[in-house]
Amino acid sequence: MADAGGPKRNPTWSRDELILALDLYVRHRDRPPGKTSREIEELSRELNVLGETLGHRHFEKYRNVNGTYMKLMNFRRLDPAYTSGGRVGLTRGGGGEEAVWNEFAADADRLHRVAKAIRENFRAGDVHPELQQLGADDTIEAQEGQLVTRLHRHRERSGKLVQRKKAQFCARHGRLFCEACRFEAEEVYGERSSGVIECHHIQPVHTLRTGLVTRLDDLALICANCHRAVHAQSPWLGMEELRALVFRNE
Ligand SMILES: [Zn+2]
Ligand SMILES: [Zn+2]
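Since we're looking at a predicted model, the values are computed, not measured. (Residues numbered from 1 in each chain as written. Chains lettered and ligands numbered in written order. Predicted model: local features only at pLDDT ≥ 70, side-chain atom pairs only at ≥ 80, totals over all residues. Heavy atoms only, no water.)

A. Main features of the packing of aromatic side chains. The final tally for this structure, using the stated rule, is 5 aromatic pairs. Ring geometry for Tyr-25 against Trp-101: centres 6.1 Å apart, planes inclined by 65°, an arrangement best described as edge-to-face. With Tyr-25 in helix H1 (residues 15-27) and Trp-101 in helix H5 (residues 96-104), the pair connects residues that are 76 residues apart, well separated along the chain. Since its relative accessible area comes to 1%, Tyr-25 is described here as buried. Summarising the aromatic geometry, the rings of Phe-169 and Phe-177 are spaced 5.1 Å apart at their centres and angled 70° between planes, so their arrangement reads as edge-to-face. By relative accessible area, Phe-177 is classed as buried at 5%. An aromatic cluster is built from Tyr-25, Phe-75 and Trp-101, whose rings are joined through pairwise contacts. Here the basic side chain of Arg-63 rests over the ring of Tyr-62, its NZ or CZ set 4.5 Å away from the ring centre. (Phe/Tyr/Trp six-rings, centres within 6.5 Å; stacked < 30°, edge-to-face > 60°. Helix = DSSP H or I, 4+ residues; strand = E, 2+ residues; numbered from the N terminus. Buried < 20%, exposed > 50% of the residue type's maximum accessible area, 1.4 Å probe, protein only. Lys NZ or Arg CZ within 6 Å of the ring centre and 35° of its normal.)

Written out as structure tokens, the structure reads:
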């Protein structure tokens, strides 16, 4: 057998990458761009920049024109407009395509928005190097992919911003408590735990852009348990959904 699975294999396609590929597919659904087209070449180049931004280890043929074109053809097997004529498309491909297809293919507008958000973030080129390491915690990746997930985590962990948010909240309410479940660390653990609370960025992840300033109103203070619950499912819970969950038995 060849060295399948060996160290020279490129990583499987991430959601971000699949979203960009599906976006191109959907835009040219009737007639997908050919292998030597400008569109495929452009996408291949973008995928290489994205891979670098995310710190993916990659190899010589990483998302080359051929692989990029094949991925578009993989989407065909899921497209009823194509398969209804009895055609089957390329049958091999990862399971990731199907998930991305099911989530985005029927809503081209949302697909474009999300693809645009991903694109603008790595094109900006000033993605914080810390982003390359972030994301190894138990956060479930946002539907919009790794890049915006890391951007979200990066923003809500910005030390200075968190301090300012806590100060503002204290000035308004006189104490810190979870905006979802109302848990107050000081009450339970005593005075020395009074500052124990986390920030959660409440703006939709597809609106995040590198270089955009985070406003204090973009953040909510929530306890670690609530924050974990928000990010432990896909799609992430909104604040209202979180509150509804916490108080469902009342
Ligand atoms: Zn809470
Ligand atoms: Zn969060």
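B. Expanded view of the layout of surface pockets. The volume enclosed by the second largest pocket comes to roughly 310 Å³. Surrounding the second largest pocket, 18 residues form its lining, Gln-203, Pro-204, Val-205, Trp-236 and Leu-237 being those nearest its centre. A per-class count over the lining of the second largest pocket returns 8 nonpolar, 8 polar and 2 charged. (1 Å grid on protein atoms, 1.4 Å probe; cavity = no way out; pocket = protein on both sides within 12 Å on 5 of 7 lines; lining within 4 Å. Points joined across faces, edges and corners; volume = space filled by probe spheres on them. Nonpolar A, V, L, I, M, F, W, Y, C, P; charged D, E, K, R; others polar.)

C. Layout of the environment of Leu-219. For Leu-219, the location among the structural elements is in strand E2 (residues 219-222). Between the C-alpha atoms of Leu-219 and Lys-165, which are 54 residues apart in sequence, the distance is 7.5 Å.

D. View of empty space enclosed by the protein. For the structure on display, the rule yields 1 cavity of 30 Å³ or more. Roughly 30 Å³ of internal volume is contained in the largest cavity. Lining of the largest cavity is provided by Leu-176, Phe-177, Phe-183, Glu-184, Ala-185, Ser-194, Val-196, Ile-197 and Cys-223. Considering only residue class, the lining of the largest cavity consists of 7 nonpolar, 1 polar and 1 charged.

E. Examining the coordination of the zinc ion (ligand 1) more closely. Those protein atoms acting as donors to the zinc ion (ligand 1) are Cys-178 (SG), Cys-181 (SG), Cys-223 (SG) and Cys-226 (SG), and they sit at 2.3 to 2.4 Å. If you look at the zinc ion (ligand 1), its 4 donor atoms make angles of 105 to 117° with each other, and the shape they trace is tetrahedral. Sequence spacing of the donor residues for the zinc ion (ligand 1), all on one chain, is C-x2-C-x41-C-x2-C. Both residues of the pair, Cys-223 and Cys-226, belong to the buried class. (Donors = N, O, S within 2.8 Å, 3.2 Å for Na, K, Ca; no water. Tetrahedral: all angles 85-135°; square planar, octahedral: opposite > 155°, others 65-115°.)

F. Layout of the coordination of the zinc ion (ligand 2). Here the zinc ion (ligand 2) is held by His-152 (NE2), Glu-156 (OE), Glu-156 (OE), His-200 (ND1), His-227 (NE2) and His-231 (NE2), and the distances to it run 2.1 to 2.4 Å. Geometry at the zinc ion (ligand 2) is irregular, judged from the 6 donor atoms that bind it and their angles of 55 to 165° at the metal. Motif for the zinc ion (ligand 2), donor spacing along one chain: H-x3-E-x43-H-x26-H-x3-H. One end of the pair, His-152, is in helix H8 (residues 146-156); the other, His-231, is in helix H11 (residues 224-231), and 79 residues separate them in sequence. By relative accessible area, which is 1% here, His-152 ends up buried. What makes His-231 buried here is its relative accessible area of 3%.

G. Structural view of the packing of helix H2 (residues 38-53) against helix H3 (residues 65-76). In contact at an axis separation of 9 Å, H2 and H3 are set at 105° when each is read in the N-to-C sense. By the criterion of interaxial angle, the relationship of H2 to H3 is roughly perpendicular. Side by side, H2 and H3 meet where Ile-40, Glu-41, Leu-43, Ser-44 and Leu-47 of the first sit next to Val-65, Thr-68, Tyr-69 and Leu-72 of the second. Of the residues contributing to the contact of H2 with H3, the split by class is 6 nonpolar, 2 polar and 1 charged. (Axes fitted to C-alpha atoms, helices over the stretch in contact; angles between N-to-C directions. Parallel < 35°, antiparallel > 145°, perpendicular 65-115°, else oblique. Contact = heavy atoms within 4.5 Å.)

H. Spatial organisation of the nonpolar core. By size, the foremost hydrophobic cluster in this structure holds 29 residues, and its most contacted members are Ile-19, Leu-20, Leu-22, Leu-72, Phe-75 and Ile-118. When residues of this core are traced back to their parent elements, those giving at least two are H1, H2, H3, H5 and helix H6 (108-123). If one sorts the elements of this core by residue count, H1 sits on top with 8 residues. Among residues more than four places away in sequence, those in contact with Ile-19 are Val-100, Phe-104, Leu-111, Val-114, Ala-115, Ile-118, Gln-143 and Glu-144. (Core = buried A, V, L, I, M, F, W, Y, C linked by side-chain atoms within 4.5 Å.)

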